[in-house]
Amino acid sequence: MIRVNNLTKTFGDFTAVNDIGFSVKPGEIFAFLGPNGAGKTTTIKMLTTLLRPTAGSILVNGNDPVKSPEAVRRSFGIVFQDQSLDDELTAWENMEFHGVIYDLPKPLRRERIRQLLIFVDLWDKKDRLAKEFSGGMKRRLEIARGLLHHPKVIFLDEPTLGLDPQTRNHMWEYLQELNKKEGTTVFFTTHYMEEADRVAQRVAIIDHGKIVAMGTSDELKKQTDALTLEEAFLSLTGKTIRDESAKATDMMRRMRRAWRK
Amino acid sequence: MFMNKIYILWLRQIKRWLRSRSRIVGSLAQPLLFLLALGYGFSSIFQEAGQGNYITFLAPGIIGMGIIFTSIFSGMEVIWDRQFGFLKETLVAPMPRFNIMLGRTLGGATIATIQGVILMILSMFFGFRPEHLISIVPALGVMFLMALLFTSLGTMIASLLEDMQGFHLVMNFLVMPLFFLSGALFPLEGLPKTLSIITRLDPLSYGIDALRELFLGMGHYGLAMDLVVLTLVTLLFLGLGSYFFKKIQV
Ligand SMILES: Nc1ncnc2c1ncn2[C@@H]1O[C@H](COP(=O)(O)OP(=O)(O)OP(=O)(O)O)[C@@H](O)[C@H]1O
Ligand SMILES: [Mg+2]
């Protein structure tokens, strides 16, 4: 479903993604883990036609995001790491916009929007503007929107960040069901290791733009003599804090917030 | 399906506009101020020079002013979308980027046309009289063409800019000159050579000229010429706009 070979992305003289390769089978739930600034989001952006790779090749559902971006766009859905709602539209309008853009016929669209908004507990707030929502409510709306059309592959970039445990479990139940029923491939990143351990069939760990390990959670634990995936993760990526880039993302978020006022 | 998608993109622009009262009022207030201050200020000089009623002459220029400011601003909303992240949602949509650009441009152009119409009506309260009321119908077409032209230009510029900083630069060093050098405020007859060449290079001149031709029967370039230039430049900017919009990375 996804095949990546020798993929590289540089920003100026900084290499964010350094010659990585992996593949994800159809119907697989695949976790892409790594410390802050490892290159996860950059990789997802290249897979989803938002960034052009510096070198290497990608196939998503058999199509190359550089050569045939539209074919690729038809095959995936995505929940972005940072905010991507239209703040001036209501929750319902954000959903409706997405549904129309993704060719969902009206009856199905209306029904799913209702279901999903109930599902993320926003149905009674459906006519409120997105800008009036709390961070977690916005996140829930983004998740509902990402689940609205049922794509072949769904990319989730830290989908559960800032979500309460109820919503988090809910979301995974829904995704696992979708995965079982429709064979949807799920590609996600997270910093919660137990979450990856629980739902992912296979895990790749990326650090400083390089893939340092790949396999099932159990294989990684065995390989590093660890009891939990978190221990395995730490022994593969070291214990130093990658605060430099964490700070950068934080700062961007803060700036965005300040700017909005 | 194609129409549905264009429609929802169009609708989004309209809704955003209707929800920002301050933007509506703001973009009417400035042209209105120009109309009143200049219109009454210069009316006697204009009359003495044998040019007739200045408010009537000025009104099409003021309509053009409202249209160019609103359309460039609407086109440049791409920058806001980038800043707030919504641009990503549209850029991964399974439809040609040209259609995305088209939908939002039509939305922006509709808004600018409505602002132009409101200014036209407001001008009538201050003495603006078209020769024949029926001329309003073709004038609407011209206004929409102007709006389309400048919305595409705004989209094109915004696609090339990374952040908000460039926005004020564009407003001050592109939109202001386009407005002042367009013949919105003065007749195009008997201009000094250089100025006359510059006004000829400004697409806004042709839009306002066409409006004067239609409303007042006093054009300079001729209606046919105006329409040809407006149409060609609109097509050019739509093409360039979608070219640069296609190349956006986030
Ligand atoms: N547009 C850009 N220009 C320059 N550098 C960038 C750009 N985007 C990302 N980077 C850099 O590339 C590196 C990888 O960033 P990326 O966002 O892919 O990390 P990540 O693995 O998603 O991290 P996180 O867990 O914090 O989300 C970081 O060092 C980041 O600063
Ligand atoms: Mg990231």
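Scroll up to find the structure.
Parameters at a glance
Residues numbered from 1 in each chain as written. Chains lettered and ligands numbered in written order. Predicted model: local features only at pLDDT ≥ 70, side-chain atom pairs only at ≥ 80, totals over all residues. Heavy atoms only, no water. Donors = N, O, S within 2.8 Å, 3.2 Å for Na, K, Ca; no water. Helix = DSSP H or I, 4+ residues; strand = E, 2+ residues; numbered from the N terminus. Axes fitted to C-alpha atoms, helices over the stretch in contact; angles between N-to-C directions. Parallel < 35°, antiparallel > 145°, perpendicular 65-115°, else oblique. Left-handed = near helix turned anticlockwise from the far one by under 90°. Contact = heavy atoms within 4.5 Å. Nonpolar A, V, L, I, M, F, W, Y, C, P; charged D, E, K, R; others polar. Buried area = accessible area lost by both parts, 1.4 Å probe. Salt bridge = Lys/Arg side-chain N within 4 Å of Asp/Glu carboxyl O. Polar contact = N/O pair within 3.5 Å; in protein donor to acceptor, adjacent residues only side chain to side chain. Pairing = 2+ DSSP bridges. Expected span 1.5 Å × (residues − 1). Buried < 20%, exposed > 50% of the residue type's maximum accessible area, 1.4 Å probe, protein only. Arc of directions from axis to C-beta. 1 Å grid on protein atoms, 1.4 Å probe; cavity = no way out; pocket = protein on both sides within 12 Å on 5 of 7 lines; lining within 4 Å. Points joined across faces, edges and corners; volume = space filled by probe spheres on them. Near = heavy atom within 4 Å. Areas by Shrake-Rupley, 256 points an atom, 1.4 Å probe, with all protein chains shown as cover.

**Considering the coordination of the magnesium ion (ligand 2)**
Looking at the magnesium ion (ligand 2), the protein donor atoms are Thr-41 of chain A (OG1) and Gln-81 of chain A (OE1), and they sit 1.9 to 2.0 Å from it. Note that Thr-41 of chain A is positioned in helix 1 (residues 40-47) and Gln-81 of chain A in the loop between strand 5 (76-79) and helix 3 (91-101), a separation of 40 residues in sequence.

**What about the packing of helix 2 (residues 21-41) of chain B against helix 7 (residues 97-125) of chain B?**
All names here are of chain B. Following both chains from N to C, one finds helix 2 and helix 7 inclined at 45°, their axes separated by 11 Å at the closest point. On the basis of the axis angle, helix 2 is oblique to helix 7. Crossing handedness for the pair helix 2 and helix 7: right-handed. Contact residues: Arg-23, Ile-24, Ser-27, Leu-28, Pro-31, Leu-32 and Leu-35 in helix 2; Gln-115, Ile-118, Leu-119, Leu-122 and Ser-123 in helix 7. Here the residues of the contact of helix 2 with helix 7 are counted per class, giving eight nonpolar, three polar and one charged.

**Some thoughts on the interface of chain B and chain A**
Every contact between the two is made by 27 residues of chain B and, on the other side, 35 residues of chain A. Taking both sides of the interface into account, the surface hidden between chain B and chain A amounts to around 3000 Å²; carbon and sulfur atoms contribute 62%. For the interface between chain B and chain A, the tally reads seven salt bridges. Of the charged contacts, one joins Arg-19 of chain B and Glu-93 of chain A as a salt bridge, the two residues approaching to 2.8 Å between their closest N and O atoms. If you look at where chain B meets chain A, you find 13 residue pairs in polar contact (both at pLDDT 80 or more). For the side of chain B that touches chain A, the secondary-structure elements that each account for two or more residues are helix 1 (2-18), helix 5 (77-84) and helix 6 (86-91) of chain B. Ranked by residues supplied to the side of chain B that touches chain A, first place goes to helix 1 of chain B with seven residues. Of the residues in the side of chain B that touches chain A, the class split is 14 nonpolar, five polar and eight charged.

**A few points about the sheet that holds strand 5 of chain A**
What holds strands together in a sheet is hydrogen bonding between their backbones, with the strands either parallel or antiparallel. Residues and elements named next belong to chain A. Here we have six strands laid out as an open sheet, ordered 5-6-7-3-8-9, and mixed in their pairing. Since the sheet does not close on itself, it has two edges, and those belong to strand 5 and strand 9 (210-215), each with one partner. Here the average twist between neighbouring strands, direction ignored, is 15°. As judged from the five bridges shared by strand 8 (residues 202-207) and strand 9, these two strands associate in the antiparallel manner. The residue bridging Asp-207 from the neighbouring strand is Lys-210, located in strand 9. Contacting strand 5 and strand 6 (153-157), helix 5 (residues 135-146) crosses the sheet at an angle of about 175° to strand 5. Contacts between helix 8 (residues 217-224) and the sheet are confined to strand 8 and strand 9, with strand 9 contributing the most and set at about 110° to the helix.

**Observations regarding unusual backbone geometry**
All names here are of chain A. In this structure, Asp-19 takes a positive phi of about 55° despite not being glycine. Mapped onto the secondary structure, Asp-19 falls in strand 2 (residues 14-24). In this model, Asp-121 sits at a positive phi of 65°, which is unusual for a non-glycine residue.

**A look at helix 6 (residues 165-182) of chain A**
All names here are of chain A. Here helix 6 spans 25 Å end to end across 18 residues, near enough to the 26 Å set by a 1.5 Å rise per residue. Taken together, the buried positions of helix 6 are occupied by Thr-167, Arg-168, Met-171, Trp-172, Tyr-174, Leu-175, Leu-178 and Asn-179. For helix 6, the angular spread of the buried residues around the axis is 160°, confining them to a single face. Exposed positions of helix 6 whose direction lies more than 90 degrees from the buried face are Gln-166, Glu-173, Lys-180 and Lys-181. Buried residues along helix 6 sit in contact with strand 3 (29-33), helix 4 (106-119), helix 5, strand 6, strand 7 (185-189) and helix 7 (193-199). Looking at the residues trailing helix 6, positive phi occurs at Gly-183, about 70°.

**Overview of empty space enclosed by the protein**
Empty space left among the atoms is revealed by rolling a probe the size of a water molecule over them. Residue and element names in this part refer to chain A. According to the stated counting rule, one finds one cavity of 30 Å³ or more in the structure shown. Put simply, the largest cavity is a space of about 40 Å³. At the level of secondary structure, the elements contributing two or more residues to the lining of the largest cavity comprise strand 5 and helix 5. Here the element with the most residues in the lining of the largest cavity is helix 5; it accounts for three residues. For the lining of the largest cavity, the per-class residue count stands at three nonpolar, three polar and three charged.

**Comments concerning the site of ligand 1**
All names here are of chain A. Among the 14 residues in the neighbourhood of ligand 1, the closest are listed as Gly-37, Gly-39, Lys-40, Thr-41 and Thr-42. Here an oxygen atom of ligand 1 sits 3.3 Å away from a polar atom, N or O, in the side chain of Glu-158. Contact with the protein chains removes 68% of the 640 Å² of surface that ligand 1 exposes when unbound. For the shell around ligand 1, the secondary structure elements donating two or more residues are strand 2 and helix 1. At three residues, helix 1 tops the list of elements feeding residues into the shell around ligand 1. For the shell around ligand 1, the residue count by class is five nonpolar, seven polar and two charged.

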